Amino acid sequence: MKLKDKITLLTGASSGIGRATAILFAKEGAIQILADIDQKGGEETVNLIKNEVPSAKAEFINLDVSKSSAVADAIEQILKKYGRIDLLINNAGVVRVGLPEEFNEEDYDLLINVNLKGTFFCCKYTIPTFKKQKSGVIVNLASVAGHIGQVNHANYCSTKAGVLGMTRALALDLAPFNVRVNSVSPGATDTPMLRSDVAKNARERGVDFEVVKKEFEEEGVMGRWADPMEVAKVILFLASEDSSYMTGADILVDGGWVSR
Ligand SMILES: NC(=O)c1ccc[n+]([C@@H]2O[C@H](COP(=O)([O-])OP(=O)(O)OC[C@H]3O[C@@H](n4cnc5c(N)ncnc54)[C@H](O)[C@@H]3O)[C@@H](O)[C@H]2O)c1
């Protein structure tokens, strides 16, 4: 087992890539605290884990990562209960798309608050423990959108480019403490987030969902969407000792999208 007894805080665990990661990490022996604002989805993830790996240790906590004091409290509780944290997986994220001239400030703030501040807050309150332990691993979820432009995605792209920058800079801050910080950049991955993005695009253009889906599929040279588990496997690689000489790096899991 690659993550035996690793105390893991995984955000955005109620859906999509986070849920797949939680299931995979359970199989690898992690002890998981699964954080999300979606209580029902979080409980479903825990049930899926228990069905697949009855001996797995996983609990759900309702946590909005964009709320600084809530993140601080959650991490304090984890430390009280487990005494340490080994892995932080910053997966919680939101997407909002639209023409720049029509983009409203509420959506802009949400993108910044969840994708950037939420990632930062989880790092900020975990880092003192990592430094004391002289060990720890952070994996952030960036995106192809941090590497290339996407039509109508200016503000989402800027948050994900920000995650790439944060990852590289934190890697420098934390290397002296034996803490590694890396990111994964998925391409089109079949999750509720991508499906809602495609549905909105289709509605606005007055075309079928399947038409837009096909366009998104063709962005990657492999001509299909990723299954969330294909991204989860790369998150596992970066979380485990298999990537022991990697820090400040990003791995594209994009079916060749950025190679075009
Ligand atoms: N699906 C894709 O194609 C794709 C591509 C590139 C990057 N990503 C990134 O991967 C990550 C996971 O995306 P996904 O596709 O699985 O999305 P998803 O919508 O299926 O899951 C995201 C989860 O984050 C949670 N969340 C949202 N706001 C939160 C908050 N404030 N606090 C805590 N949890 C919150 C949601 O409730 C949800 O359970 C995101 O960071 C996303 O930006 C996804």
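Shown above is the structure to which this text applies.
Brief notes about the packing of helix α6 (residues 192-205) against helix α7 (residues 209-219)
For step 1, the next point in the chain: At a minimum axis distance of 8 Å, the contact between α6 and α7 shows a crossing angle of 120 degrees. Between α6 and α7, the angle falls in the class oblique. As for how α6 packs across α7, the hand of that crossing is right-handed. For the pair α6 and α7, contact is made by L194, R195, D197, V198, A199, N201, A202 and R205 and by F209, V212, K213, E215 and F216, respectively.

Considerations on the packing of aromatic side chains
For step 1, the next point in the chain: By the definition in use, this model includes one aromatic pair.
For step 2, the next point in the chain: Where F120 meets F121, the ring centres are 6.2 Å apart and the plane angle is 50 degrees; that geometry is what we call tilted.
For step 3, the next point in the chain: The partly exposed category is assigned to F120, whose relative accessible area is 38%.
For step 4, the next point in the chain: Seen from the ring of W225, K213 lies directly overhead, with NZ or CZ sitting 4.9 Å from the centre.

What to know about the sheet that holds strand β2 (residues 31-36)
Paired through backbone hydrogen bonds, the strands of a sheet run either parallel or antiparallel to each other.
For step 1, the next point in the chain: The strand order across the open sheet formed by seven strands is β3-β2-β1-β4-β5-β6-β7, and the pairing between neighbours is parallel. Taken across any chain shown, the strands that pair with only one partner, and hence form the sheet edges, are β3 (57-62) and β7 (250-253). Ignoring which end each strand starts from, the neighbouring axes of this sheet average 15 degrees apart.
For step 2, the next point in the chain: Its contacts with the sheet place helix α1 (residues 16-27) against β1 (7-11), β2, β4 (87-90), β5 (136-141) and β6 (179-186), and it is angled at close to 170 degrees to β2.
For step 3, the next point in the chain: Strands in contact with helix α3 (residues 68-82) are β1, β2 and β3; relative to β1, the strand with the most contacts, it is inclined by about 155 degrees.

A word on the nonpolar core
For step 1, the next point in the chain: Counting residues in each nonpolar core, the largest one holds 36 residues, and the members touching the most others are L9, L63, L88 and I138.
For step 2, the next point in the chain: Secondary structure elements with two or more residues in this core: β1, β2, α3, α4 (105-133), α5 (154-174) and β6.
For step 3, the next point in the chain: Of all the elements, α4 adds the most residues to this core, at seven residues.
For step 4, the next point in the chain: Apart from residues no more than four positions distant in its own chain, L88 is found in contact with L9, C122, C123, T126, F130, V137, I138 and V139.
For step 5, the next point in the chain: The next biggest cluster of nonpolar side chains, apart from the first, holds 32 residues, and it includes L34, V137, A232 and L236.

What counts and how
- Residues numbered from 1 in each chain as written.
- Predicted model: local features only at pLDDT ≥ 70, side-chain atom pairs only at ≥ 80, totals over all residues.
- Heavy atoms only, no water.
- Axes fitted to C-alpha atoms, helices over the stretch in contact; angles between N-to-C directions.
- Helix = DSSP H or I, 4+ residues; strand = E, 2+ residues; numbered from the N terminus.
- Parallel < 35°, antiparallel > 145°, perpendicular 65-115°, else oblique.
- Left-handed = near helix turned anticlockwise from the far one by under 90°.
- Contact = heavy atoms within 4.5 Å.
- Phe/Tyr/Trp six-rings, centres within 6.5 Å; stacked < 30°, edge-to-face > 60°.
- Buried < 20%, exposed > 50% of the residue type's maximum accessible area, 1.4 Å probe, protein only.
- Lys NZ or Arg CZ within 6 Å of the ring centre and 35° of its normal.
- Pairing = 2+ DSSP bridges.
- Core = buried A, V, L, I, M, F, W, Y, C linked by side-chain atoms within 4.5 Å.

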